[in-house]
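# Structural characterization, general
Next come the chains, spelled out residue by residue.
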Amino acid sequence: MRTPRSRPARLAGALLAGLALITACGTPGDPAATETKATASTSATALPAAEGSTSYPLTLKTPFGDTTLDERPERIAIVTANTLDTDALIALGGTPVFAPSTVDRNPWLDKGDIADIKTLWDAEAGTEVSAESVAAASPDLIVALAAYETFDQARFDKLSAIAPVLHAAQGDLSWQELTRKLGSTLDLSAAADKAVAAAEEKVARTREAHPEFKGKSATHVIVYDEKYGPSYASAPGSDTALLFEQLGFVLPAEAAKFAKDDAISDELVGLVDADFLLLSTSGSPAYFVDAPLVKAVPAVADGRAVINPEDPKTSTNHFAWGLNVQSVLSVPWLIEQLAEFGAKAIR
């Protein structure tokens, strides 16, 4: 079943246009054309003190081959275009020397944490960073745990010639497992467990604060520019659906009809109805939100629809972006935002 981390090709142009609603892990571009940019900081990677639970040398197993960490790494390069791996490292108290520029989209990150990253490579178009740029950062560990569609044998071979590679097959790791995998590799297992527990506790507290959500149906629709159309973003099995369910919401029966294709045609508009309908918008959404068919949807007509617009300063819908990069740091922020939206609809 497709999750929001593997969006249809018809939406790839939305990212290129700066809508910033989907994970930047699309079709690889020309590595030679990929640029990097240095931040003002020149600090080296910092990691908390080792916990003594991980022994080195450590074999890193991947679907493409194994590499070995002879000792605890100090300089970590993240080649994942989305921000899942970067969030996990920051949550552990570490700072990469090399990371994707998409971290600038994450309001759950402290600006100081981003400023401490020596080099941000251009990940806005979902392109692969060149192996030469990675090598220039002199890493002793390359992290690509969540580098799904852009990772293959050729990519592994190029990167593993530079430094040991930490990678997992697509769909293998939840955000909890990803955080713990990185933590154990860096001898920070206890820190990983603590970070995961704090995030899960925030989810639990938010659910307890909103008993009115229990059993109510919820739908999330992302309204891209008319060129790309609206997308049903909460089909069963998606990360968005999981977030709804963690707050006590249920999915309407009609959600299953969008499991294979999230495009919302005029004939399917009526199926987006729910007790709580969240419309995350980008660009010019009037073609959809003001359409007579949409206004006739009971949730809209009865005032149970909530519009979540993009940030005009950044042209980014941070919540919709965050739903597709759910991490140990983004989930606490997302669950709070979702609860605020839900409270406006469920009175």
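All values reported here derive from a predicted model rather than from experimental measurement.

## Here we look at the packing of helix 2 (residues 84-91) against helix 6 (residues 175-185)
Between helix 2 and helix 6, the shortest axis-to-axis distance is 9 Å and the interhelical angle comes to 60 degrees. Considered as vectors, helix 2 and helix 6 are oriented oblique to each other. With respect to the hand of their crossing, helix 2 and helix 6 are arranged in right-handed fashion. Residues Leu 84, Asp 85, Ala 88 and Leu 89 of helix 2 form the contact with helix 6, whose participating residues are Leu 178, Thr 179 and Leu 182. Here the contact of helix 2 with helix 6 is built from residues that sort into five nonpolar, one polar and one charged.

## Concerning the sheet that holds strand 12 (residues 305-308)
Spatial ordering of the open sheet is given by 10-9-11-12, a layout of four strands whose pairing is mixed. Both edges of this open sheet fall to strand 10 (230-232) and strand 12, since each of them pairs with a single strand only. When strand polarity is set aside, the average angle formed by the axes of neighbouring strands in this sheet is 20 degrees. Where strand 9 (residues 218-223) lies against strand 11 (residues 276-281), six bridges are found, and the strand directions are parallel. When the sheet's bridge partners are listed, Val 221 is paired in strand 11 with Leu 279. Of the strands in this sheet, strand 11 and strand 12 touch helix 13 (residues 330-345), which is tilted by about 125 degrees from strand 11.

## Points about helix 13
With 16 residues, helix 13 ought to run about 22 Å at 1.5 Å a step, and its terminal C-alpha atoms sit 23 Å apart, in line with that. Looking at helix 13, one finds that the buried residues are Ser 330, Val 331, Pro 332, Leu 334, Ile 335, Gln 337, Leu 338, Ala 339, Phe 341, Gly 342 and Ala 345.

## Overview of the environment of Tyr 148
Structurally, Tyr 148 can be placed in the loop between strand 7 (141-144) and helix 5 (153-160). Considering only alpha carbons, one finds Tyr 148 and Ala 81, 67 residues apart in sequence, at a separation of 9.6 Å.

## Here we look at the side chain of Arg 155
Positionally, Arg 155 belongs in helix 5. Excluding anything up to four places from it in sequence, Arg 155 contacts Glu 128, Val 129, Ala 131 and Thr 150.

Reading the values: the criteria
Residues numbered from 1 in each chain as written. Predicted model: local features only at pLDDT ≥ 70, side-chain atom pairs only at ≥ 80, totals over all residues. Heavy atoms only, no water. Axes fitted to C-alpha atoms, helices over the stretch in contact; angles between N-to-C directions. Helix = DSSP H or I, 4+ residues; strand = E, 2+ residues; numbered from the N terminus. Parallel < 35°, antiparallel > 145°, perpendicular 65-115°, else oblique. Left-handed = near helix turned anticlockwise from the far one by under 90°. Contact = heavy atoms within 4.5 Å. Nonpolar A, V, L, I, M, F, W, Y, C, P; charged D, E, K, R; others polar. Pairing = 2+ DSSP bridges. Expected span 1.5 Å × (residues − 1). Buried < 20%, exposed > 50% of the residue type's maximum accessible area, 1.4 Å probe, protein only.

As far as function goes, none of this settles anything; it's purely spatial.
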